[in-house]
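Here are the chains, one letter per residue:
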Amino acid sequence: MTAKPTNSTNNHKTFGGRIYACDFDTEHSKGNIINRIIADRRFDEQCRKNCENRERRF
C-alpha cells in the first residue's frame, strides 16, 4: 500500500462552493454564479463565527 501524496496548498477550512455545468456557459449572464459565491462566503463566515463561539465556551 502506498501513501497518498499530500498537497500543502489545499485549504480545507472553507467550503468553496459547488461547480455546475452551466458555470461554463459563456453565453448567459453570470449573475447566478456571483450570488452563489456570495452565499458560499457568508456560509464560511458563519462557520468561522460558530467555531470561535464554541471555543469561547470551553
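Residues numbered from 1 in each chain as written. Predicted model: local features only at pLDDT ≥ 70, side-chain atom pairs only at ≥ 80, totals over all residues. Heavy atoms only, no water.

Peer 1: Go over the overall build of the protein, please, and point to the residues and values.
Peer 2: Each helix and strand in the protein was counted, giving one helix and zero strands. Every one of the 58 residues in the protein was classed for burial, and the buried ones make up 5%. Entry remark: accessible area of the protein is about 6,000 Å², with carbon and sulfur atoms responsible for 54%. (Helix = DSSP H or I, 4+ residues; strand = E, 2+ residues; numbered from the N terminus. Buried < 20%, exposed > 50% of the residue type's maximum accessible area, 1.4 Å probe, protein only. Areas by Shrake-Rupley, 256 points an atom, 1.4 Å probe, with all protein chains shown as cover.)

Peer 1: So what about the pattern of salt bridges? Which residues, and what values?
Peer 2: Going through the model one piece at a time under the given rule, you end up with three salt bridges. Arg 48 is the salt-bridge partner of Glu 45, the closest N and O atoms lying 2.3 Å from each other. Of the two residues, Glu 45 and Arg 48 are both situated in helix α1 (residues 31–57); the distance of three residues between them amounts to about one turn of the helix. You can call Arg 48 partly exposed: its relative accessible area is 38%. Measuring nitrogen to oxygen at the nearest pair gives 3.9 Å for the salt bridge that ties Glu 52 to Arg 56. Residue Glu 52 and its partner Arg 56 are located together in helix α1, separated by four residues, close to a single helical turn. (Salt bridge = Lys/Arg side-chain N within 4 Å of Asp/Glu carboxyl O.)

Peer 1: Run through the state of the cysteines, naming residues and quoting values.
Peer 2: Applying the stated criterion across every chain, the model contains zero disulfides. Unpaired in terms of disulfides, Cys 47 finds its nearest cysteine sulfur in Cys 51, a separation of 6.8 Å. Among the residues examined, Cys 47 registers a relative accessible area of 31% and is labelled partly exposed. (Disulfide = S-S within 2.5 Å.)

Peer 1: Any details on the side chain of Asp 40? Residues and values, ideally.
Peer 2: Take Asp 40: it is sitting in helix α1. Although Asp 40 is buried, it forms no salt bridge, and the closest oppositely charged side chain is Arg 36 at an N-O distance of 5.8 Å. When residues no more than four places from it in sequence are discounted, the contact partners of Asp 40 are Phe 15, Gly 16, Gly 17 and Arg 18. (Lys, Arg positive; Asp, Glu negative; His and termini not counted. Contact = heavy atoms within 4.5 Å.)

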